[in-house]
Amino acid sequence: MSTKVRAAVCREFGGALQIEMIRLAEPGPEQVRVRLHATAICHSDISLVRGRWGGTLLPMVAGHEGAGVVEAVGEQVQGLAVGDKVVVTLVRACGQCAACRIDHPVSCDQMLFSAERSPLTDAQNGLLHQGLATAAFAEACVVHQSQLVKYQHSVAFEYAALLGCGVITGYCSVSNVAQLPKRQKVVVIGVGGLGLNTIQAAAAQRAWPLVAVDVLENKLQAGLEFGATHAVNATSNDVVEQVMEICAGPADYVFVTAGSAEMFSASLDMLSKYGTSVIVGMPADNEKVFAVDAHKLTDGRRLLGSKMGDVRIQRDIPKLLDRHQEGALKLAELISKCYPLEEINEAIADVEAGRALRNVIRF
Ligand SMILES: NC(=O)c1ccc[n+]([C@@H]2O[C@H](COP(=O)([O-])OP(=O)(O)OC[C@H]3O[C@@H](n4cnc5c(N)ncnc54)[C@H](O)[C@@H]3O)[C@@H](O)[C@H]2O)c1
Ligand SMILES: [Zn+2]
Ligand SMILES: [Zn+2]
């Protein structure tokens, strides 16, 4: 038994995604099939289908920020039933490995995406890889139960989809990884889908100044609308000086959500001796190495990495949906445009051209 759905298939890194009918295997004992209503496009999907992270996982269906309705459940699934509204994430956690046992599910060994386990095949019965353990650029997906968060909030699917990665990664990099105290001097470098949520979280902690840094004026404007107090264009060659002038000295916290090794280094140059830099953005494989002056760290600066904001999805996603309902978390304002699946290549091109905050595929 299998279910046929339309999906955007990547057959060649850098090539256009092809809309094809694919087959989804029936959910295994711990799996769930979700009929997707919306999937947002994260820059990680773009890096993946452009081949920036190498690998040979082709052909593949990407997409990992989804929301929809449970359509079928495996016999061992607990706490989810047909008809439930769910946020779909890539955080697949076994509950048993070393990372899961110390409550860091984002680092679970099961986050590996092996070909054998993919529930996807194409019309010729050829294997399709499940990009980012989800394959949400399709009308439905089959994922592990641990990847889903049931919710009852009355929120549009396209907003709920944003919680699948961009919102939680940006927000929880502040709340979980940095555990940002109140009233700190904060800089956010990269003001896209993740960075705007980093700004929202820092603004909730009354960061001041809260400096947005990006290479695009439209992103800087959005940063100010999401709570930044100042904006600095990173195309100028004195970014560090500008930030230090605004902060009247070095910053307490810098979050780098741009996938830029140059900015990872710059974050340490604008940081106080007791400051913290949090690395969130993911450069291409050939740009990921950067030099660190060890003395900057032995002076006391902290350099932290963030994998999806160290999110615990069952705890953090409902909390963020509550905040949205209280009017304290912007979601609608993150969406630049909704596209049908057939126009996914246009939606991606629009993001690459820097025009979109988040583009969403609506099924
Ligand atoms: N750590 C994680 O768990 C995790 C999770 C999801 C995404 N990511 C990564 O985070 C990054 C951001 O994702 P996104 O979806 O927000 O992307 P996005 O395209 O929406 O935003 C990136 C922003 O960075 C800006 N930018 C690019 N180069 C810059 C530079 N040198 N200086 C300042 N700004 C610059 C762009 O103009 C853009 O506004 C990507 O690399 C993505 O792969 C990481
Ligand atoms: Zn695990
Ligand atoms: Zn993502």
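Everything below is about the structure shown above.
Residues numbered from 1 in each chain as written. Chains lettered and ligands numbered in written order. Predicted model: local features only at pLDDT ≥ 70, side-chain atom pairs only at ≥ 80, totals over all residues. Heavy atoms only, no water.

Asks: Before we go on, may I ask you to explain the nonpolar core in this structure?
Replies: One broad rule of soluble globular proteins: the nonpolar side chains tend to lie buried together. Val-61, Leu-163, Ile-168, Val-186 and Ile-344 are the most contacted members of the largest nonpolar core, which has 88 residues in total. Looking at this core, the element that brings in the most residues is helix H4 (residues 166-178), giving seven residues. There are two domains that each give this core at least three residues, and those are domain 1 (2-163 + 331-362) and domain 2 (167-306). The contacts of Val-186, once residues within four sequence positions are left out, are Leu-180, Ala-202, Ala-207, Pro-209, Leu-210, Val-211, Tyr-253 and Phe-255. Formed by 21 residues, the second largest nonpolar core is a distinct cluster that contains Val-239, Val-256, Phe-264 and Leu-271. (Core = buried A, V, L, I, M, F, W, Y, C linked by side-chain atoms within 4.5 Å. Buried < 20%, exposed > 50% of the residue type's maximum accessible area, 1.4 Å probe, protein only. Helix = DSSP H or I, 4+ residues; strand = E, 2+ residues; numbered from the N terminus. Domains from an automatic or database assignment. Contact = heavy atoms within 4.5 Å.)

Asks: What is the right way to look at the environment of Val-70 in this model?
Replies: On the secondary structure map, Val-70 appears in strand S5 (residues 65-73). Classification of Val-70 by relative accessible area gives buried; the value is 2%. The residues contacting Val-70, other than those within four sequence positions of it, are Val-32, Arg-33, Val-34, Ala-81, Val-82, Gly-83, Asp-84 and Val-86.

Asks: What should I look at first to understand the sheet that holds strand S15 (residues 271-279) in this one?
Replies: Sheets are built from strands paired through backbone hydrogen bonds, the pairs being either parallel or antiparallel. One open sheet accounts for six strands, arranged S13-S12-S11-S14-S15-S16; its pairing is parallel. At either margin of the open sheet sits one strand with a lone partner, and together these are strand S13 (230-233) and strand S16 (302-305). Taken over all neighbouring pairs, the strand axes of this sheet differ in orientation by 20 degrees on average, direction set aside. Inspection of the sheet shows strand S11 (residues 186-189) paired to strand S12 (residues 210-214) by four bridges, in the parallel sense. Directly across from Val-187, in S12, lies its bridge partner Val-211. The strands touched by helix H7 (residues 239-246) are S11, S12 and S13; relative to S13, the strand with the most contacts, the crossing angle is about 165 degrees. Across the sheet, helix H8 (residues 261-269) is in contact with S11, strand S14 (251-256) and S15; its angle to S15 comes to roughly 155 degrees. (Pairing = 2+ DSSP bridges. Axes fitted to C-alpha atoms, helices over the stretch in contact; angles between N-to-C directions.)

Asks: What is the right way to read the coordination of the zinc ion (ligand 2) from this model?
Replies: A four-donor tetrahedral metal ideally has 109.5 degree angles, and a six-donor octahedral metal ideally has angles of 90 or 180 degrees. Distances from the zinc ion (ligand 2) to its protein donors, namely Cys-94 (SG), Cys-97 (SG), Cys-100 (SG) and Cys-108 (SG), fall within the range 2.2 to 2.4 Å. Each donor residue of the zinc ion (ligand 2) belongs to the same chain, with the gaps between them written as C-x2-C-x2-C-x7-C. Residue Cys-94 is found in the loop between strand S6 (85-88) and helix H2 (98-101), and its partner Cys-108 is found in the loop between H2 and strand S7 (120-121); the two are separated by 14 residues along the sequence. Residue Cys-108 is classed as buried on the basis of its relative accessible area of 4%. (Donors = N, O, S within 2.8 Å, 3.2 Å for Na, K, Ca; no water.)

Asks: Please explain the pairing of strand S1 (residues 2-10) as it appears in this structure.
Replies: A regular strand carries its side chains on alternate faces of the sheet. Looking at chain direction, S1 and strand S2 (residues 18-25) are connected through eight bridges and run antiparallel. Residue pairing across strands places Thr-3 opposite Leu-24, the latter belonging to S2. With two bridges connecting them, S1 and strand S4 (residues 60-61) associate as antiparallel partners. Residue pairing in the sheet places Cys-10 in a bridge with Met-60 of S4.

Asks: I tried to follow the pattern of salt bridges on my own but got confused; where do I start?
Replies: Side-chain pairing between opposite charges can occur once the charged atoms of the two side chains come close. Evaluated as defined, the whole model comprises 20 salt bridges. Residues Glu-65 and Arg-358 are paired through a salt bridge, measuring 2.8 Å at the closest nitrogen-oxygen approach. In this pair, Glu-65 is assigned in strand S5 and Arg-358 in strand S18 (residues 358-362), connecting sequence segments 293 residues apart. Each member of the pair, Glu-65 as well as Arg-358, carries the same accessibility label: buried. What you see here is one network of salt bridges that share partners, running through Glu-26, Arg-33, Arg-35 and Glu-71. (Salt bridge = Lys/Arg side-chain N within 4 Å of Asp/Glu carboxyl O.)

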